[in-house]
Amino acid sequence: MYALPLDGPVLTAGDLEVNVLEFRQRSFQFQRTAPIGGRDVGLFSRTETETESRFRPKLIHLHLVVPVAWVVLDEPNDVLRVARDGATVPARLSEPVVEVGAEPAEFDEQGIAWKRIAPAPRAFVYAPTELAETLLAPPALSALGLT
């Protein structure tokens, strides 16, 4: 078998738009890309209720910021996943979903360390810890339309 060098990610904008990205046992929809820190970064989002146990739960907005080169298509399950190498489809997790407010701000998922911040009330942004200084900085959040 021969390995062919690729000049960019295999996935097209169309692939990102028609597939959801599975992260933290949730489905995130593609929003846009932006060049940040010398790489194309994708923004994936979802809206959910903050908790089912409250009488009047409020909506929260979750955003995932990840290099587009890290996004892979898991064809058998018809979803996008995050893989640091941009090629190896990670195994599917089957863990219980935890409310965002009960999650730690830093955690590991699929062998990648993640960081979560809350740049605005009821808004949360996830990014790989190793890139968080760049991806969660105010200029990056502004470029992605999150401020």
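Procedures and definitions
Residues numbered from 1 in each chain as written. Predicted model: local features only at pLDDT ≥ 70, side-chain atom pairs only at ≥ 80, totals over all residues. Heavy atoms only, no water. Phe/Tyr/Trp six-rings, centres within 6.5 Å; stacked < 30°, edge-to-face > 60°. Helix = DSSP H or I, 4+ residues; strand = E, 2+ residues; numbered from the N terminus. Buried < 20%, exposed > 50% of the residue type's maximum accessible area, 1.4 Å probe, protein only. Salt bridge = Lys/Arg side-chain N within 4 Å of Asp/Glu carboxyl O.

Examining the packing of aromatic side chains
Taken as a whole and judged by the stated rule, the model has 6 aromatic pairs. Taken together, a centroid distance of 5.9 Å and an interplanar angle of 75° make the contact between Phe107 and Tyr126 edge-to-face. With Phe107 in strand E7 (residues 106-109) and Tyr126 in strand E9 (residues 123-128), this pair connects stretches of sequence that are 19 residues apart. One exposure class covers both Phe107 and Tyr126, and it is buried.

Some thoughts on unusual backbone geometry
Although it is not a glycine, Asp78 adopts a positive phi angle of roughly 55°. Despite not being glycine, Arg122 shows a phi value in the positive range, around 60°. Mapped onto the elements, Arg122 comes out in the loop between strand E8 (112-120) and E9. You can call Arg122 partly exposed: its relative accessible area is 40%.

Considering the pattern of salt bridges
Two side chains carrying opposite charge are able to pair once their charged atoms lie near each other. A full pass over the atoms with the stated rule returns 9 salt bridges. The residue Arg26 makes a salt bridge to Glu48 at a minimum N-O spacing of 3.1 Å. Separated by 22 residues along the polypeptide, Arg26 in strand E2 (residues 26-36) and Glu48 in strand E3 (residues 39-49) bring together distant segments of the chain. Relative accessible area serves as the criterion here: at 5%, Arg26 is assigned to the buried category. For the salt bridge of Arg26 with Glu103, the shortest nitrogen-to-oxygen distance reads 3.6 Å. One end of the pair, Arg26, is in strand E2; the other, Glu103, is in the loop between strand E6 (79-82) and E7, with 77 residues separating them in the sequence. In the salt-bridge network here, residues are joined through shared partners; they are Arg24, Arg26, Arg46, Glu48, Glu103, Glu109 and Arg116.

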